[in-house]
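Coordinates in review
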Amino acid sequence: MDGRVLQERTLLLTHLRTCLEAPEHAHFLDDQLEGHQPGARQAAVLLVLFEHEGELSLLFIRRASTLRAHSGEIAFPGGSAESQDASPVETALREAWEEIGLAPERVEILGAMPPVFTVVSNFLIVPVVGYLHQGPGELRLQESEVAELIVAPLRALADPAIQRVEHWTRGEKTRAVYFFDYGAYCIWGATGRILAALLSILDTHDAGSSF
């Protein structure tokens, strides 16, 4: 990485640290659209940023087709909180280790985003954003849950040509549903909403066009 790109990366990471919530506050955040959800099940996902083939990229998984819920969908590594997890950060790191073999010590936690409430499954999902200074290392998939790893450059994900928003009504409330048609993959649902929120944060950075 040359000096100019390194400086841009440093500025972008500083921007994220400034804009994201402190990890220790993640327990107290509410969904900005759905409000307080005291009865929701707790979950966390890890948004993994790292350099891949000269571009700042984001790591996704394709869920195994044998899973009962959300089978075959594109997601971030993550899952339900367990009793031993002290925080959403611990949940996200533990799940990423279990699902894809990402070692927690490789991850610099930059912060957390406001949680996303899933109306159908009643989960409150905290997105935790991390950066891998040395890349992901050698990963191993938990094949019962993960069918495939997908590495997507942020530049490609930010292309308006692959994005669309639909408005779906459930009960008496209409909600925006975000879709990203990245190659053969369709990223949508909670993952689509989280991705749209991350891109919105990055778009406020002066060097955002230099992902």
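The following refers to the structure shown. (Residues numbered from 1 in each chain as written. Predicted model: local features only at pLDDT ≥ 70, side-chain atom pairs only at ≥ 80, totals over all residues. Heavy atoms only, no water.)

**A closer look at the overall build of the protein chain**
- Within the protein chain one finds four helices and 11 strands.
- Projecting the C-alpha coordinates of the protein chain onto the three principal axes gives extents of approximately 50 × 35 × 35 Å.
- The buried share among the 211 residues of the protein chain stands at 47%.
- Contacts spanning at least 24 positions in sequence make up 65% of the contacts within the protein chain whose residues lie at least 6 apart.
- For the protein chain, the distance from the average site of its 16 positive side-chain charges to the average site of its 29 negative ones is 4 Å. (Helix = DSSP H or I, 4+ residues; strand = E, 2+ residues; numbered from the N terminus. Buried < 20%, exposed > 50% of the residue type's maximum accessible area, 1.4 Å probe, protein only. Contact = heavy atoms within 4.5 Å. Lys, Arg positive; Asp, Glu negative; His and termini not counted. Charge placed at Lys NZ, Arg CZ, Asp CG, Glu CD.)

**Describing the sheet that holds strand β10 (residues 173-182)**
- Strand order in this open sheet of three strands is β9-β10-β11, and the pairing throughout is antiparallel. In this open sheet, the two edge strands, each paired with only one partner strand, are β9 (163-170) and β11 (185-187). Strand-to-strand twist across the sheet, computed as the mean angle between neighbouring axes with direction ignored, equals 30°.
- In terms of strand pairing, β10 meets β11 through three bridges, oriented antiparallel. (Pairing = 2+ DSSP bridges. Axes fitted to C-alpha atoms, helices over the stretch in contact; angles between N-to-C directions.)

**As for the packing of aromatic side chains**
- Counted under the stated rule, the structure contains four aromatic pairs.
- Pairing Phe-60 with Phe-76 gives two aromatic rings, centres 4.9 Å apart and planes at 25°, and the pair type is stacked. Note that Phe-60 is positioned in strand β2 (residues 55-63) and Phe-76 in the loop between β3 (74-75) and β4 (78-80), a separation of 16 residues in sequence.
- Judged by relative accessible area, which is 3%, Phe-76 ranks as buried.
- Between the aromatic rings of Trp-168 and Trp-188, the centroid separation amounts to 5.7 Å while the plane-to-plane angle is 55°, which identifies the pairing as tilted. Taken together, the residues Trp-168 in strand β9 and Trp-188 in the loop between β11 and α4 (189-203) connect sequence positions 20 residues apart. (Phe/Tyr/Trp six-rings, centres within 6.5 Å; stacked < 30°, edge-to-face > 60°.)

**As for the side chain of Thr-191**
- Within the secondary structure layout, Thr-191 lies in helix α4.
- Contact partners of Thr-191, with chain neighbours within four places excluded, come to Phe-60, Ile-74, Ala-75 and Phe-76.

**Considerations on the pattern of salt bridges**
- Using the criterion set out here, one finds 10 salt bridges in the structure.
- With a shortest N-O distance of 2.2 Å, Glu-51 and Arg-9 are connected by a salt bridge. Remark: Arg-9 occurs in helix α1 (residues 3-19) and Glu-51 occurs in strand β1 (residues 41-52); sequence separation between them is 42 residues.
- For Glu-51, a relative accessible area of 23% puts it in the partly exposed group.
- Note that Arg-164 is salt-bridged to Asp-181, the shortest N-O span being 2.6 Å. Placement of the pair is Arg-164 in strand β9 and Asp-181 in strand β10, with a sequence separation of 17 residues.
- In this structure Arg-164 comes out as partly exposed when scored by relative accessible area, which is 33%.
- Classification of Asp-181 as partly exposed rests on a relative accessible area of 34%. (Salt bridge = Lys/Arg side-chain N within 4 Å of Asp/Glu carboxyl O.)

**Describing the nonpolar core**
- One finds Leu-16, Leu-47, Leu-58, Phe-60, Leu-154 and Leu-157 to be the most contacted residues of the largest nonpolar core, which totals 35 residues.
- Elements with a contribution of two residues or more to this core: α1, β1, β2, β7 (123-132), β8 (146-153), α3 (154-157) and α4.
- If we skip the residues at most four places from it in the chain, Leu-47 touches Leu-58, Phe-76, Met-113, Pro-127, Val-128, Val-129, Gly-130, Ile-194 and Leu-198.
- The next biggest cluster of nonpolar side chains, apart from the first, holds 20 residues, and it includes Ala-26, Phe-50, Ile-61 and Ala-92. (Core = buried A, V, L, I, M, F, W, Y, C linked by side-chain atoms within 4.5 Å.)

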